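Observations on the model geometry
So the chains spell out like this:
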Amino acid sequence: MRFLLRRLGFYAIALWGAITLNFLLPRLAPGSPLDGLMSRLSPSQLAANPHMVDNLRAYLGVQKQPLLPAYWGYLKQVFSGDFGISTSNFPTPVSEIVGRTLPYSIALVGVGFVLAFLLGTGIGMIAAWRRGGIVDSIATPALISFGAFPAFFTALLAVYFLGLKAGWFPIQHAYGTGITPGPNWTYAKSAFHHGVLPVLIIVFVFAGGWLLNMRNVMINTVEEDYIALANAKGLRDRRVMTMYAGRNAILPPLTGFASQFGAAVGGLVFIEFVFSYPGVGLTLQQAALGSDYPLTQALLLVFSVCVLVANLIMDLLYVVLDPRVRTA
Amino acid sequence: MSGMVLREVLRPRATTSTLIELERLVVDYVLPSGRVRAVDGIDLRIEPGEIVGLAGESGCGKSTTAQAVMQILRSPAQVTSGRILFRGEDLTGLGKEELRKFRWRNVSMVFQSAMSALNPVLRIGDQFVDMMKAHERVSKNDALARAGDLLELVGIDRRRVRAYPHELSGGMRQRTIIAMALALEPELVIMDEPTTALDVVVQREILQQIQDLQRELGFAVLFITHDLSLLLEFADRIAIMYAGEIVERTTAATLFGNPLHPYTVGLMRSFPPLTGPMERMTGIPGTPPDLAAPPAGCRFHPRCPHCRVEDAALYARQTTERPVLREIEPAHHVACHLFE
Amino acid sequence: MATVIPELEPAAPIALPSSDRRVRVPRWAVLLLRNRKSCFGIVVFGTIVGVALAAPWIATNSPSDIVALPGQPPNRAFPMGTTDQGYDVFAQVVWGARQSLGVGALAALLSTVIATTLGLLAAYSGGWVDDVINLVTNVFLVIPTLPLLIVIASMVENRGPVMLVSIIGLTTWAVEARILRGQAMSLRNRDFVLAAKVAGESRWRIVFGEIMPNMISRIAAAFLLVFYIAILFEAGLEFLGLADVNRTSWGATMYWAQNNSAVLQGEWWHFFFPGFALALSVVALVFVNYGVDELANPRLRQRTRRLGILRRLFA
């Protein structure tokens, strides 16, 4: 329990740091970010809301406001969920855009990453147990090479071969045209169909890393005395591999899950871009291109919070799996 | 003992009653740079119910011998030649599944480092259950009950069955390992430095416990240690190992009263007795040989006080001819040129 | 107490601390080349670098000139086809290697310098300096790097290579900083460091003159790790359109391919060749990393090798 509290404290501090960095960024950037933004606004937008420019100025800190009050104001805004109005999607508020796109990304990353983890660690466990065997000689180098390929390249390849040429899967958007999202079967089927390829990419890109991590830890775990004793006790091979070696070996990769999640987020952006999948990744890219600063800043915060939440979930899982932490 | 019915322990192809017979056993470590001979042609016999001690310095091959008997040698170690007979049946010829059934039912082992011999993420009771289910058809409840019995046997509260290894002290963990080793009532228990990692007081307790259990259940013990003083108190027969060979083999009483091999003499003089008058202690000069390139002739000769250049004829033999284990007096074997 | 007569021979000579400090760079190359994995990686990567350097001689067409009929699939005249504007893909790939690899290398260098400085400083100073640096490191670890890069890129006017090097270097140092700090902490209490402290050497001299030379191997490994990540980020930012896409580089070529819907039109060569070059470079570097990993942890290798020299190299 103390372990969890310590982790929570760490996350709270990290979150504060992320928010602060988010606050400082536009103020640190060379040149005036506002000019770029201004050049993209249409005259009709400016006419419709004459105060918008001033608000943005204040929001981005271009006016020479004293730092601390501005910071305090920013914190209040963040915690009340007010992230301003998106300039590229005027007049939709940022929070609405985030609310619309975040679920799709979570679905993608949630399914994809968990699958990648299970597949990677599972194969890594088997590969290390029978070193030099079939699994080790084929799956290991294959998945590792795939993992080293840049995510967007793998995505493009999949789009081309599996989507265009083979026509097995749709290659754009999250659901078919003309279908309304909601709790109905047509939508669910379409969403699933559209999600297969992106999820597949995520699995391919990340399983390799897990595999290597798990395999390396397993190779060290196999040398442990309790494995020797388990074998000496005459336990079945598979049981020793899973409940004795695997159960212990999975702990270090689990802690690595958290740091890998940051990389997963990066991959997500590329995959959503290639597939025009309406998640937060694509939204971020479009927003960045359009200099929509309220949206990009909000999204950066959203991403950071997601990483922290993923970390927290992993910590909880770790407490469940490793009894030694519970009494610490 | 509750719940479990053990099947007939005698193996189908048993021919003799001698539990373990090692015939000219040779174990090599096969490395890319060459073969290192860890065990070089040893003969050892263990009868039912007797306590045989195997003593020697670190790296002399005693643990390797133990692993060979259990057939748990890990590559690059392998048995190159010789036979390991369990009641007359050659273990090296057994298949994987037969070996799996053999392990723990007939011969079990107590490892040195109890600290790390228990799976840290499973409860103690579950580790007992694992083992029992691998050999017998038994329900989880019965197995857990029996685990509780075993823990009580070694002096641990049976409620500890639900504990995790890290919640027990070092001594308790070692006793748990011993309890596990006895769970299937094996005929031979190999103990590889079971008390080395513990403090002296706990050491005494554990040894006492082992002795009591042995008298009550009647299993044979192969006790491996570098501490000869323990063996002198505890074992029936003792074999001294040096650089992969057995250099002296006899009963404990004879060894104590009349140690013959210079290495044995050196060992006896290198620890103070637990009781009795204080005497001068001496060490054995030099270091154990590199098994990749052992000395020619008698492997102990570089460190032996009786190997002097002046005794030309003897010296020549000591440096070229390997001594053979010979019976010098009844039930007392020594491998030394001084006694030929 | 019983007396012990010391009849033992003197102990084997201990390696003197000064031997720790010699930098063994040459042996590195030999060991890396002997390891199968890193050898493969070095050869492949070296070839790509060679192609990049020899660009003027290899690719006769200029990458930024319209040289031919647009939209040609790979043929004899244009082995990698032409884009749907009429540019020579082969020329773009060959010349693009310079920017892609160059920016990656410089960014990785910057990142490693920052990571080393902060990591070692934190380890040696302890106290509040350590705490502050740790806090900053943790913040950068929590915030996912690519989104951060995207946001920063969107706020900056000039998006040329210099900017790319700077922002990639300034955002990727956190992972290595933490690792290097851990390693430096284990060195902090070694005798030669304490001796230098007693002799009155300044903090900076101890960190950079005593501790760092003993970590060269780990720092080099850190550089290799960040190198391929930097290459990926550089190409990624260009692919997303957030860097100057009028310069010749692999990412830019792929950006135009995507922008002009090359995939949907079936013009696979437009994205495949630069993408493959990118993938190959990254895979090669990853293999070099594996080789380095295997050298540092002997158990990972298929066969056992003697450890003495190697363990000292990677201590």
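Residues numbered from 1 in each chain as written. Chains lettered and ligands numbered in written order. Predicted model: local features only at pLDDT ≥ 70, side-chain atom pairs only at ≥ 80, totals over all residues. Heavy atoms only, no water.

Here we take up the overall build of chain C. The helix and strand inventory of chain C stands at 15 helices and one strand. When each of the 315 residues of chain C is scored for burial, the buried share is 52%. Sequence separation of at least 24 residues holds for 71% of the intrachain contacts in chain C that already meet a minimum separation of 6. Per element, the accessible surface of chain C, about 14700 Å² overall, is 63% carbon and sulfur. (Helix = DSSP H or I, 4+ residues; strand = E, 2+ residues; numbered from the N terminus. Buried < 20%, exposed > 50% of the residue type's maximum accessible area, 1.4 Å probe, protein only. Contact = heavy atoms within 4.5 Å. Areas by Shrake-Rupley, 256 points an atom, 1.4 Å probe, with all protein chains shown as cover.)

Per the stated rule, a full pass over the model turns up 28 salt bridges over all chains. Residue aspartate 130 of chain B pairs with arginine 239 of chain A through a salt bridge whose shortest N-O separation is 2.5 Å. Residue aspartate 130 of chain B is found in helix H4 (residues 124-135), and its partner arginine 239 of chain A is found in helix H11 (residues 237-249); the two belong to separate chains. Looking at arginine 239 of chain A, the relative accessible area reads 36%, which means it is partly exposed. Notably, a salt bridge pairs lysine 62 of chain B with glutamate 193 of chain B, separated by 3.8 Å at the nearest N-O pair. Of this pair, lysine 62 of chain B sits in helix H1 (residues 62-70) while glutamate 193 of chain B is found in the loop between strand S7 (188-192) and helix H7 (200-217), placing the two residues 131 residues apart along the sequence. Ionic contacts of the salt-bridge type, sharing partners, join the residues Asp40, Glu245, Arg299 and Arg322 of chain B into one network. (Salt bridge = Lys/Arg side-chain N within 4 Å of Asp/Glu carboxyl O.)

Attention now moves to the interface of chain C and chain A. With 46 residues of chain C at the contact, the number on the chain A side is 54 residues. Regarding the contact of chain C and chain A, the summed buried area is about 4600 Å², with carbon and sulfur atoms giving 78% of it. In this structure, the connection of chain C to chain A is made through zero salt bridges. Seen at the junction of chain C and chain A, the total is two residue pairs in polar contact (both at pLDDT 80 or more). Per element, the largest residue contribution to the side of chain C that touches chain A is eleven residues, and it comes from helix H14 (residues 269-296) of chain C. Partitioning the side of chain C that touches chain A into residue classes produces 34 nonpolar, nine polar and three charged. (Buried area = accessible area lost by both parts, 1.4 Å probe. Polar contact = N/O pair within 3.5 Å; in protein donor to acceptor, adjacent residues only side chain to side chain. Nonpolar A, V, L, I, M, F, W, Y, C, P; charged D, E, K, R; others polar.)

Throughout the structure, instances matching the rule amount to 28 aromatic pairs over all chains. Centroid distance phenylalanine 273 of chain A to phenylalanine 239 of chain C: 5.3 Å. Interplanar angle 90°. Geometry classified as edge-to-face. Separated into two different chains, phenylalanine 273 of chain A in helix H12 (residues 251-275) and phenylalanine 239 of chain C in helix H12 (residues 216-239) make up a pair that spans both. Residue phenylalanine 239 of chain C is classed as buried on the basis of its relative accessible area, which comes to 0%. Residues phenylalanine 140 of chain C and tryptophan 173 of chain C carry aromatic rings whose centres are separated by 5.2 Å and whose planes lie at 45° to one another, so their mutual orientation is tilted. Taken as a pair, phenylalanine 140 of chain C in helix H6 (residues 127-142) and tryptophan 173 of chain C in the loop between helix H8 (161-171) and helix H9 (174-188) lie far apart in primary sequence, 33 residues in all. For phenylalanine 140 of chain C, a relative accessible area of 17% puts it in the buried group. For tryptophan 173 of chain C, a relative accessible area of 5% gives the class buried. In textbook terms, an aromatic cluster arises when at least three aromatic residues are bridged by ring pairs, as seen for Phe149 and Phe153 of chain A together with Trp268, Trp269, Phe272, Phe273 and Phe276 of chain C. (Phe/Tyr/Trp six-rings, centres within 6.5 Å; stacked < 30°, edge-to-face > 60°.)

This part covers the interface of chain B and chain A. Across the boundary between the two partners, chain B contributes 28 residues, which contact 26 residues of chain A. The largest contributions to the chain B side of the interface with chain A come from Arg74, Val121 and Asp130 of chain B, which together make up 25% of the buried area. At the junction of chain B and chain A, the tally comes to one salt bridge. At the boundary of chain B with chain A, the tally comes to nine residue pairs in polar contact (both at pLDDT 80 or more). At the level of elements, helix H2 (96-105), helix H3 (114-117), H4 and helix H6 (170-182) of chain B are the ones that each hand at least two residues to the side of chain B that touches chain A. Here the side of chain B that touches chain A is composed, by residue class, of 15 nonpolar, six polar and seven charged.

This part takes up the packing of H9 of chain C against H12 of chain C. Describing two packed helices takes the angle between their axes plus the distance from one axis to the other. Residue and element names in this part refer to chain C. The geometry of H9 relative to H12 is characterised by a closest axis approach of 11 Å and an angle of 170° between their N-to-C directions. Taken together, the axis directions place H9 and H12 in an arrangement best described as roughly antiparallel. Here Glu176, Ile179, Leu180 and Gln183 of H9 come into contact with H12, specifically with Arg218, Ile219, Ala222, Leu225 and Val226. Looking at the contact of H9 with H12 residue by residue, the class counts come to six nonpolar, one polar and two charged. (Axes fitted to C-alpha atoms, helices over the stretch in contact; angles between N-to-C directions. Parallel < 35°, antiparallel > 145°, perpendicular 65-115°, else oblique.)

What follows covers the confidence of the model for chain C. Residue and element names in this part refer to chain C. Within chain C, residue pLDDT values average 79, and 84% of them lie at 70 or more. Per-element mean pLDDT across chain C ranges from 33 in helix H15 (residues 308-313) up to 91 in H8. Note that residues 1-21 has pLDDT below 50 and, in this model, 20 contacts with residues that lie over four places away or in other chains. Segment residues 302-315: pLDDT under 50, and 22 contacts once partners within four positions in sequence are set aside and those in other chains are kept. (pLDDT = per-residue confidence, 0-100.)

A few words on the sheet that holds strand S10 (residues 245-251) of chain B. All names here are of chain B. Ordered in space as S6-S7-S8-S3-S9-S10-S13-S12, the eight strands form an open sheet in which the pairing is mixed. Among the strands making up the open sheet, the edge pair consists of strand S6 (107-110) and strand S12 (326-329). Recorded for the sheet is a direction-independent mean angle of 20° between the axes of neighbouring strands. Of the pairings in the sheet, the one linking strand S3 (residues 51-55) to strand S8 (residues 220-225) comprises five bridges and is parallel in character. Looking across to S8, one finds that valine 52 is bridged to leucine 222. Strand contacts of H6: S6 and S7, with the helix running at about 175° to S6, the strand carrying the most contacts. (Pairing = 2+ DSSP bridges.)

Take helix H9 (residues 185-221) of chain A next. When the terminal C-alpha atoms of H9 of chain A are compared, their 47 Å separation across 37 residues is substantially less than the 54 Å that a helix rising 1.5 Å per residue should span. Considering bend angle alone, the principal kink of H9 of chain A is centred on valine 196 of chain A and spans about 35°; proline proline 198 of chain A follows within four residues of it. (Expected span 1.5 Å × (residues − 1). Bend = angle between axes of the 7 residues up to and from the residue.)

All right, on to the nonpolar core then. Residues Met218 and Phe275 of chain A together with Ile150 and Ile211 of chain C are the most contacted members of the largest nonpolar core, which totals 189 residues. Beyond its immediate chain neighbours, meaning those up to four positions away, methionine 218 of chain A contacts Met125, Ala128, Trp129, Met241, Ala245, Gly246 and Ala249 of chain A. Val36, Leu188, Val221 and Ala239 of chain B belong to the second largest nonpolar core, which has 102 residues in total. (Core = buried A, V, L, I, M, F, W, Y, C linked by side-chain atoms within 4.5 Å.)

What follows covers a nonpolar patch on the surface. Judged by side-chain polarity, Ile13 and Trp16 of chain A together with Trp128, Val132, Leu135 and Val136 of chain C come together as a nonpolar surface patch covering roughly 600 Å² of accessible area. Elements with a minimum of two residues in the nonpolar patch: helix H1 (2-28) of chain A together with H6 of chain C. Considering each element in turn, the nonpolar patch owes the most residues, four residues, to H6 of chain C. Looking at the secondary structure, you find valine 136 of chain C in helix H6. For valine 136 of chain C, a relative accessible area of 35% puts it in the partly exposed group. (Patch = residues over 30% accessible without salt bridge, like charges linked within 9 Å, V, L, I, M, F, W, Y side chains within 5 Å.)

With that out of the way, let us pick up the sheet that holds strand S2 (residues 34-46) of chain B. All names here are of chain B. The strand order S2-S1-S4-S5 describes an open sheet built from four strands, whose pairing is antiparallel. Since the sheet does not close on itself, it has two edges, and those belong to S2 and strand S5 (89-90), each with one partner. Across the sheet, H1 is in contact with strand S1 (20-31), S2 and strand S4 (77-86); its angle to S1 comes to roughly 110°.

Residue and element names in this part refer to chain A. In this fold, leucine 115 is placed in helix H6 (residues 94-129). Overall, leucine 115 belongs to the partly exposed group, its relative accessible area being 41%. Leucine 115 sits 185 residues away from leucine 300 along the chain, and the two C-alpha atoms are 25 Å apart. The contacts of leucine 115, once residues within four sequence positions are left out, are Val199 and Val203.

This brings us to the packing of helix H5 (residues 89-125) of chain C against H12 of chain C. All names here are of chain C. The contact between H5 and H12 brings their axes to 7 Å, and the two run at 130°. Classified by the interaxial angle, the pair formed by H5 and H12 is oblique. Relative to H12, H5 is oriented so that their crossing is right-handed. Between H5 and H12, the contacting residues are Gln99, Ser100, Leu101, Val103, Gly104, Ala105, Ala107, Ala108, Leu109, Ser111, Thr112 and Thr116 on the first element and Ile219, Phe223, Val226, Phe227, Ala230, Ile231, Glu234 and Glu238 on the second. (Left-handed = near helix turned anticlockwise from the far one by under 90°.)

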